[in-house]
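Listed below are the residues making up each chain.
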Amino acid sequence: MKIYKRYKKLSLWNKVGFWGAIASILGISLFFISQYLGPTKANQEKIKKDLAQVVEMLRDELSIKNENIEFLQGEITRRQDIYPSDRARQLAQKIPDDAGPYALALKAIAGRRFKDARRFLDKAQEEKEIELAEIYITRGQTELYAGKTKEAAKWCEKALELAPENIEIMREAGFVFLSNLMYNKAEPLLRKVLEINEKSFGLNNSKVKRSQNDLALLMLATKRYNEAEPLLHSVLDFDEKLYGKDHPIIATDLYHIAIMYNETKRFAEAAPIIERIIEITGKSENQKDPIVAIVLNNLSASLDFKPIDLEVNMMKRAVQIMEKFDPNAYFFSSTLIRLSDVLMEADRFAEAESTIRRAITIDKQSFSENDPIIAGDLVSLAILLRATGHFSDAEPILRQSLVIYEKSSEEQNINIAGVLNNLADILIQMDRFSEADPLLRRALTIYEQSLGINHLYYASCLNNLAVLLKETNRFTESEPMMRQAMLIVKQTVGDEHPYYAKIINNLGHLMQSTDRLSEAELLFRQALSIDEKYFGKNHTSVASDLGDLGSVLLATHRSSEAEPILKQSLEIYEIKLSSDHPDTQFVRKKLESIK
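Because the structure is predicted, anything quoted here is derived from the model rather than measured.

1. A short note on the packing of helix α11 (residues 206-221) against helix α12 (residues 225-243)
Right, so step 1: The interhelical angle for the contact between α11 and α12, taken along N-to-C directions, is 150°, at an axis separation of 8 Å. As summarised for this structure, α11 and α12 are arranged roughly antiparallel, according to the angle between their axes. In this structure, α11 crosses over α12, and the sense of that crossing is left-handed. Mapping the contact onto sequence places S206, K209, Q212, N213, L215, A216, M219 and L220 in α11 and Y225, E227, A228, L231, L232, S234, V235 and F238 in α12.
Right, so step 2: Looking at the contact of α11 with α12 residue by residue, the classes come out as 10 nonpolar, four polar and two charged.

Next comes the structure, spelled out in structure tokens:
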């Protein structure tokens, strides 16, 4: 009562202040009560809904997409290894550490913490957090990102057994099979997905067109170009109506059509397609879209008929686009690595080395020194050092990358085989044959188990082992291996490709070592013709062929024919490489022997 009487005596402003103080006390009290009792039911529902949305977006982002696929030597391959995108990593950061095990599994995949991902999936399966088929398909994604392709396929098969009519699982499993060259398993799934989508949505629908595109990629990979062509054009027509003719998506559609023309040797039809791709990727409004850079990257790697200068220009444009988009992202550094490969192929070794080192600097800021990404960068650097004759510098770098791959991989995958093959090649160059032999045989076993005996990588390793056997005078063992490698390469990339030239060049050396000089000469001339057509007349591969041809001409006592050929070889080497490079010294000694 006294309080009320005292309140009545207060002025108007004092009364306002009194009630303001009461409101503040109540507000603070409610804040601490809410913190103690936890968020309201409405807030809980919103948080739960937001998290579910992030999980769904992350799950979709981790799915295999068309951008993860490129065509090399007429077959589908994953673009390098599959790594979670930068967007996936950004989405993963929004998942709190107290989220459910399934969400934490996706977060772990995005962060490439595969052991954690498997543990969280075990927990999600134990708690029956989501359907078991969904757990299995996510296990498949985990193993695919971890480089365990066979395990990925097994989990996809298990998911399909539980949910054979789930269209999303069918599509994901089909694309996993497709990206791993398991065409017989991929095709019925992708056809069924297309059939279901057509019945559900009609012919003019984006999901239908995506399914048509997936199926068309399989048709391209299995060389059924007549079936692929109408599908690809249907997708292009739909996308042009939906997005317009200059949208980055159109560049992706055109890339697949260019692949088809490339594989069917319809180069005249491919030329305007490539011009359109270049035009689309050059538009300022498209310069910040990473899809454009991906198309240029894949186009550079996939087509046979492009001049090397055009390839360099395409990759430089891809680098410029990715640099604007995110200069610290992994895909930017991987684009730099691809550019360095092209520069090295164009004999621009100094530019290639600075580009590789820039990529390594970027990746070291984002990944630990024991990450497989760093190992891949080191392999690229070692290959360049090998090309420039710095074998002793390349060796420890390759050994470092091998240690990283062996620690990070839970099985002997193709990355390990690639390092073993390259390391053995360098050891052969240094005449350390006994060290190279077991490395090559181990690599061959990995390739055979992972890719089969008809793959280009297997042929490359087989060829290196054949060279080693030749160098150690085991000619009867070497020749059948070399001819087997030659046949695989011919079936894979054709007999006009520089890698075929490399194989027949090695066979020419074997013929020369076994006194079959006329056969050696024919092989050297054939290799020279292929390389001149592909690289032009001032390339180190051409210089190598000229040196070999000059050498066999000397062996058949035709010094007057050999001398101008060897001089041409030496001139190229001295311009492109250093004067103390082993190849330069070899040709110089041959010339001196004439005098």
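Okay, back to it.
2. Brief notes about the side chain of H581
Right, so step 1: Secondary-structure assignment places H581 in the loop between α28 (559-576) and α29 (582-594).
Right, so step 2: Reaching out from H581, the side chain makes a polar contact with the backbone nitrogen of D583 at a distance of 3.0 Å.
Right, so step 3: Aside from chain neighbours lying at most four places away, what touches H581 is A387, T388 and G389.

3. A short note on the pattern of salt bridges
Right, so step 1: In total, this model carries 39 salt bridges according to the counting rule given.
Right, so step 2: Of the charged contacts, one joins E165 and K192 as a salt bridge, the two residues approaching to 2.9 Å between their closest N and O atoms. Taken together, the residues span a long stretch of sequence, with E165 in the loop between α8 (149-162) and α9 (167-179) and K192 in helix α10 (residues 183-201) at a distance of 27 residues.
Right, so step 3: Since its relative accessible area comes to 54%, E165 is described here as exposed.
Right, so step 4: A relative accessible area of 29% places K192 in the partly exposed class.
Right, so step 5: In this structure, the salt-bridge partner of E351 is K316, at a minimum N-O distance of 3.4 Å. Of this pair, E351 sits in helix α18 (residues 349-366) while K316 sits in helix α16 (residues 308-325), and the two are 35 residues apart along the sequence.
Right, so step 6: Judged by relative accessible area, which is 30%, K316 ranks as partly exposed.
Right, so step 7: Shared partners join several salt bridges into a network, and the residues in it are E187, R191, R224 and E227.

4. What about the environment of L384?
Right, so step 1: Residue placement: L384 occurs in helix α19 (residues 372-387).
Right, so step 2: Residue L384 is classed as buried on the basis of its relative accessible area, which comes to 0%.
Right, so step 3: Separated by 44 residues in sequence, L384 and S340 place their C-alpha atoms 8.9 Å apart.
Right, so step 4: Dropping the residues within four chain positions of it, L384 is found in contact with M344, F349, A352, E353 and I356.

5. A word on the packing of α9 against α10
Right, so step 1: The geometry of α9 relative to α10 is characterised by a closest axis approach of 8 Å and an angle of 145° between their N-to-C directions. The handedness of the crossing between α9 and α10 comes out as left-handed. Contact residues: α9 offers I167, M170, R171, A173, G174, F175, F177 and L178, while α10 offers Y183, K185, A186, L189, L190, K192, V193, I196 and N197.
Right, so step 2: Of the residues contributing to the contact of α9 with α10, the split by class is 12 nonpolar, two polar and three charged.

What counts and what doesn't
Residues numbered from 1 in each chain as written. Predicted model: local features only at pLDDT ≥ 70, side-chain atom pairs only at ≥ 80, totals over all residues. Heavy atoms only, no water. Axes fitted to C-alpha atoms, helices over the stretch in contact; angles between N-to-C directions. Helix = DSSP H or I, 4+ residues; strand = E, 2+ residues; numbered from the N terminus. Parallel < 35°, antiparallel > 145°, perpendicular 65-115°, else oblique. Left-handed = near helix turned anticlockwise from the far one by under 90°. Contact = heavy atoms within 4.5 Å. Nonpolar A, V, L, I, M, F, W, Y, C, P; charged D, E, K, R; others polar. Polar contact = N/O pair within 3.5 Å; in protein donor to acceptor, adjacent residues only side chain to side chain. Salt bridge = Lys/Arg side-chain N within 4 Å of Asp/Glu carboxyl O. Buried < 20%, exposed > 50% of the residue type's maximum accessible area, 1.4 Å probe, protein only.

Interpretation in functional terms is not warranted from these geometric data alone.
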